[in-house]
Amino acid sequence: MSELSQNDLILLVREPLAHAALVEHVRQPEDGAVVTFDGCVRNHSQGRRTLYLDYEAYDSMALGKMRQIAKQIHEKFPIHRVAIAHRLGRLEIGETSVFIAVSSAHRPAAFEACRYAIDTLKRTVPIWKKEYFEDGAVWADGEVPPAPVETRAAKPAS
Amino acid sequence: MAAPNDSRTTAATETVLVKVLFFGRLKEIVGAAEDAMELPDGSPIEALFSRYGARHPELARFRASLVASRNQEFAAWSTPLHAGDEVAFLPPVSGG
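Given the structure is predicted, the values throughout are model-derived calculations rather than measurements.

**Things to note about the overall build of chain B**
Then, number 1: Secondary structure summary: chain B contains four helices and five strands in total.
Then, number 2: Moving toward the C terminus, one meets the helices and strands of chain B in the order α-β-α-β-α-α-β-β-β.
Then, number 3: Within chain B, counting contacts between residues at least 6 apart in sequence, those at least 24 apart form 56% of the total.

Shown next as structure tokens:
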């Protein structure tokens, strides 16, 4: 499942993420910097040893929210290209669950945009992980996305 | 408040079908990833959730931590639903 718009790459995949291809996609001759974020599966959670994780997504909405993040960082920072890829399904310890690459002419924009992108992804993209331990499994504590303000007029969220 | 002589509001409300999606722990509680529900046209998302909460009391316990979506956008619980809408009740997100 992929979406290409204005040279950005937004992906949900079920196989190992291709870091190098994502970096190459954003790195262009006019760029002076590529900043990447590699989110990987940690072997412990709240003092317990993690065996593996299982990710699921509301695919269509998750892709929409990831596209919105790409759009937002273009508006906020003078960056060039963005690649945001999230993996779904079972992931082993050390594997990459999310990878973000941002290119820009000068490094500050790419650093700030990359940070903004991962922070916003973790708060607003409908993806969930279940953590498997030696003695059971739990859905990870997550973040409640910012919800639209309730109004009596109940106009649809745009 | 509707005036008694307003035929638009006193007419029988049409029943519509909406698609409902469940994720994460909600999917486990309901035992399905997807369902369809008939309800009066214009019913708020809250009313739809109440029906599932009545069927699955454990679901209702999570209400305070959930956010609703309508057609792949976060939506207020008061958002009215219409034919063919896709609704999801989203647990706290934990991607990344």
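So much for the structure itself; the text now carries on.
**A look at the overall build of chain A**
Then, number 1: Counting its regular elements, chain A contains three helices and 10 strands.
Then, number 2: Listed N to C, the secondary structure of chain A is β-β-α-β-β-β-α-β-β-β-α-β-β in terms of helices and strands.
Then, number 3: If one aligns the C-alpha atoms of chain A with their principal axes, the spans along those axes are about 50 × 50 × 30 Å.
Then, number 4: The buried share among the 158 residues of chain A stands at 33%.
Then, number 5: In chain A, the share of contacts with a sequence separation of at least 24, taken over all contacts with a separation of at least 6, comes to 74%.

**Topic: the interface of chain A and chain B**
Then, number 1: Taken residue by residue, the interface counts 33 residues in chain A and 26 residues in chain B.
Then, number 2: Mapped onto the side of chain A that touches chain B, the elements with two or more residues apiece are α2 (59-76), β8 (96-104), α3 (107-124) and β9 (127-133) of chain A.
Then, number 3: Class assignment for the residues of the side of chain A that touches chain B results in 19 nonpolar, seven polar and seven charged.

**Focus: the confidence of the model for chain A**
Then, number 1: Counting all residues, the mean pLDDT for chain A is 93, and 92% of those residues have values of 70 or more.
Then, number 2: For residues 1-5 of chain A, every residue scores under 50 in pLDDT, and the model assigns this stretch nine contacts once sequence neighbours within four places are set aside.

**A closer look at the nonpolar core**
Residues and elements named next belong to chain A.
Then, number 1: Counting residues in each nonpolar core, the largest one holds 57 residues, and the members touching the most others are Ala62, Met66, Ile84, Ile100, Val102 and Ala117.
Then, number 2: The element that contributes the greatest number of residues to this core is α2, accounting for seven residues.
Then, number 3: Contact partners of Val102, with chain neighbours within four places excluded, come to Val26, Val35, Ile79, Val82, Ala110, Ala113, Cys114 and Ala117.

Cut-off values and rules
- Residues numbered from 1 in each chain as written.
- Chains lettered and ligands numbered in written order.
- Predicted model: local features only at pLDDT ≥ 70, side-chain atom pairs only at ≥ 80, totals over all residues.
- Helix = DSSP H or I, 4+ residues; strand = E, 2+ residues; numbered from the N terminus.
- Contact = placed C-beta atoms within 7 Å.
- Buried ≥ 20, exposed ≤ 12 C-beta atoms within 10 Å, placed from the backbone.
- Nonpolar A, V, L, I, M, F, W, Y, C, P; charged D, E, K, R; others polar.
- pLDDT = per-residue confidence, 0-100.
- Core = buried A, V, L, I, M, F, W, Y, C linked by C-beta atoms within 7 Å.

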